[in-house]
Amino acid sequence: MGAALRTGNLGVSALGRSFMKIAAHYKPDAYFYLLFGSKRNGIEHIQINNKLIPIQIVNYRLSLKANLHEHLMWILFLAMIHKILPIKIIRKKIIETNRYLKAIYESELICDIHGGDSFSDIYGLRRFIELVIPNIIIFLLNKDLILLPQTYGPFNSRISKIMSSYVMRKSAKVYSRDKAGVKIVKDLCKNMKSEIYFCPDVAFILDAAEPDKLEVIPRISYDDQRIIGINVSGLLYNGGYTKNNMFHFKFDYEDFIIKLINFFLEKTDSDILFIPHTITSRGHVEDDLSACEKVMSKIGNNYKNRIHLVTGNYDECEIKGLIGNCDYFIGSRMHSCIAALSQGIPTSCIAYSRKFHGIFDSVGMSDFVIDATQMNENECFHRIEKSFQRGEEIRKDLVMRSEEIKLLVNNSMRQILD
């Protein structure tokens, strides 16, 4: 739960594919259900460990136009009836007639990763409640839940604190992808009986793949040129879902990105490669590609031959492969940063939440976090300039730390599967 494949958000897709990669390795006969909010269901096939794996997509919906048996609130209602009714034949009928409940009931291992960072009300209370209801359904069916490595909090409302505490206490095991999260869980859930562990983000072990066709405008040569990769977040560019500085930046994000790019173009001989990591419909608040195009249009004509944009419809592995060709990387989407860090590429991030701090701290690169909610524009600019100068100095150590992280992820997930 909490991840999807072939979604516009490649970070979420990276989480799902990475966990299934580990599971398919240690449990080659495993059958996968993928449960999430979507219009579609059915079987999809993905390539994992050089093998075509069938994935059973089981959807729920929240639209009033949805079929009743797919609606999340109807599924919740059925789970409640199943919980309180003592008549076994009716309880069995409830499970057999609803594919969502049937998938949960038949599963031997149930995990939720909540998109990596959505176990929080930072994106709004409604979204948080929607992602927690499937967890409550699991408990109503008396099944165990494991919370995979993710970020916990912040929790700004009393409702989210109560609901998150309930889910954490009821879960069989809780994994945090940053060490600060372990403390947050313990502080929120006093005398918690569940086991709490630290495990880095599972996307560190995602495979990188070179695309069959390089779709970059204008064309770029990796052999002859030093490349600085830039990931511009459409969500940050548009001011968040509220479109009004939702994440409380200390400066204008768009203006800062443009100044940053002009700085690298003027002070270095590097080319700039814009790499979208969330691609939705054009003009959508989340669309990185639209944001990249707008930023590119505001760069001076003198540098047009040195700025490039990835335009291909690539999956998470192929985008990671493209990021792997960069000499230095600056990301605003966290999983674009993980794609770089896991390949030993010196990386700075423009952070809007504490989730970035935990990830970068796990590889010893906390100094490369540019926290736009705490630092002014000059401080952020100086931090990136200093980080860029230190890039080559830390590369070897970063490669070693990344390998250690991958080993820790594998070992932690193997313990779950065993």
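What this report covers is the structure whose coordinates are included nearby. (Residues numbered from 1 in each chain as written. Predicted model: local features only at pLDDT ≥ 70, side-chain atom pairs only at ≥ 80, totals over all residues. Heavy atoms only, no water.)

This part covers the environment of serine 194. Within the fold, serine 194 resides in the loop between α7 (179–188) and β7 (195–198). Aside from chain neighbours lying at most four places away, what touches serine 194 is Met168, Arg169, Ser171, Ala172 and Val174. (Helix = DSSP H or I, 4+ residues; strand = E, 2+ residues; numbered from the N terminus. Contact = heavy atoms within 4.5 Å.)

Ranked by internal contacts, the top residues of the largest apolar core, which has 94 residues, are Ile55, Val232, Phe247, Phe264, Ile272, Phe274 and Met413. By residue number, the principal contributor to this core is helix α9 (residues 253–267), which donates nine residues. Of all hydrophobic cores here, the second largest spans 39 residues; its members include Ala79, Ile104, Leu131 and Tyr152. (Core = buried A, V, L, I, M, F, W, Y, C linked by side-chain atoms within 4.5 Å. Buried < 20%, exposed > 50% of the residue type's maximum accessible area, 1.4 Å probe, protein only.)

In the structure shown here, the tally under the stated rule is zero disulfides. With no disulfide partner, cysteine 199 has as its closest neighbouring cysteine sulfur the one in cysteine 111, 12 Å distant. Accessibility expressed as a relative area gives 0% for cysteine 199, which makes it buried. (Disulfide = S-S within 2.5 Å.)

In this section: a nonpolar patch on the surface. Among the surface-exposed residues, Ile87, Ile89 and Ile90 lie close enough to one another that they form a single nonpolar patch of about 280 Å² accessible area. Given a relative accessible area of 66%, isoleucine 89 falls into the exposed group. (Patch = residues over 30% accessible without salt bridge, like charges linked within 9 Å, V, L, I, M, F, W, Y side chains within 5 Å. Areas by Shrake-Rupley, 256 points an atom, 1.4 Å probe, with all protein chains shown as cover. Salt bridge = Lys/Arg side-chain N within 4 Å of Asp/Glu carboxyl O.)

One can describe the packing of α9 onto helix α14 (residues 377–389) by two numbers: an axis separation of 11 Å at closest approach and a directional angle of 35°. Note that α9 runs across α14; the crossing there is right-handed. Here Asp255, Phe256, Lys259, Leu260, Phe263 and Phe264 of α9 lie close against α14, whose contacting residues are Glu377, Cys380, Phe381, Ile384, Glu385 and Phe388. Residue composition of the contact of α9 with α14, by class: eight nonpolar, no polar and four charged. (Axes fitted to C-alpha atoms, helices over the stretch in contact; angles between N-to-C directions. Left-handed = near helix turned anticlockwise from the far one by under 90°. Nonpolar A, V, L, I, M, F, W, Y, C, P; charged D, E, K, R; others polar.)

Closest axis-to-axis distance for the helix α2 (residues 72–84)/helix α4 (residues 99–106) pair is 10 Å, and the angle between their directions is 55°. With respect to α4, the axis of α2 lies oblique. Across the interface between the two elements, Ile75, Leu78, Ala79 and His82 from α2 touch Tyr100, Leu101 and Tyr105 from α4. (Parallel < 35°, antiparallel > 145°, perpendicular 65-115°, else oblique.)

Size it by volume and the largest pocket reaches roughly 1,300 Å³. Taken together, 46 residues make up the lining of the largest pocket; nearest its centre are Thr7, Asn9, Val12, Arg127 and Leu131. For the lining of the largest pocket, the elements supplying multiple residues, two or more each, are α1 (10–26), β1 (32–37), α5 (125–140) and α12 (334–341). In terms of residue count, the dominant contributor to the lining of the largest pocket is α5 (five residues). In terms of lining residues, the second largest pocket is bounded by 26 residues, among which Phe19, Tyr31, Phe32, Tyr33 and Leu109 are the most central. Listing elements by their share of the lining of the second largest pocket, those giving two or more residues are α1, β1, α4 and α15 (391–417). Classifying every residue of the lining of the second largest pocket by side-chain character gives 20 nonpolar, three polar and three charged. (1 Å grid on protein atoms, 1.4 Å probe; cavity = no way out; pocket = protein on both sides within 12 Å on 5 of 7 lines; lining within 4 Å. Points joined across faces, edges and corners; volume = space filled by probe spheres on them.)

Turning next to the pairing of strand β2 (residues 42–48). Bridge count between β2 and strand β3 (residues 51–60): seven bridges; the pairing is antiparallel. Within β3, the position partnered with glycine 42 by the bridge is isoleucine 57. Joining the antiparallel neighbours β2 and β3 is a turn of two residues, in which asparagine 49 adopts a positive phi near 55°. (Pairing = 2+ DSSP bridges.)

Turning next to the pattern of salt bridges. Evaluated as defined, the whole model comprises 23 salt bridges. Note that arginine 40 is salt-bridged to glutamate 44, the shortest N-O span being 2.0 Å. Exposure remark for arginine 40: the relative accessible area of 30% places this residue in the partly exposed category. The closest approach of N and O atoms between aspartate 367 and arginine 390, which form a salt bridge, is 3.9 Å. Taken together, the positions of aspartate 367 in the loop between α13 (355–362) and β14 (369–371) and arginine 390 in the loop between α14 and α15 put the pair 23 residues apart, joining distant regions of the chain. Its relative accessible area of 25% is what places arginine 390 among the partly exposed residues. The structure contains a network of salt bridges with shared partners spanning Arg6, Arg40 and Glu44.

Turning next to α1. Count 3.6 residues to each turn of an α-helix, and residues three or four apart come out pointing the same way. The end-to-end C-alpha distance of α1 is 24 Å, a good match for the 24 Å that 17 residues give at a rise of 1.5 Å each. Among the 17 residues in α1, 14 count as buried, and that is most of the element. For α1, the capping residue at the N-terminal end is asparagine 9, with a side-chain oxygen 3.0 Å from the backbone nitrogen of glycine 11. (Expected span 1.5 Å × (residues − 1). Polar contact = N/O pair within 3.5 Å; in protein donor to acceptor, adjacent residues only side chain to side chain.)

A few words now on the environment of leucine 309. Along the polypeptide, leucine 309 turns up in strand β11 (residues 307–310). On the basis of relative accessible area, leucine 309 is assigned to the buried category, the value being 5%. Considered as a pair, leucine 309 and isoleucine 230 are 79 residues apart in the sequence and their alpha carbons are 9.5 Å apart. Aside from chain neighbours lying at most four places away, what touches leucine 309 is Glu215, Val216, Ile217, Leu273, Phe274, Pro276, Leu289, Cys292, Glu293 and Met296.

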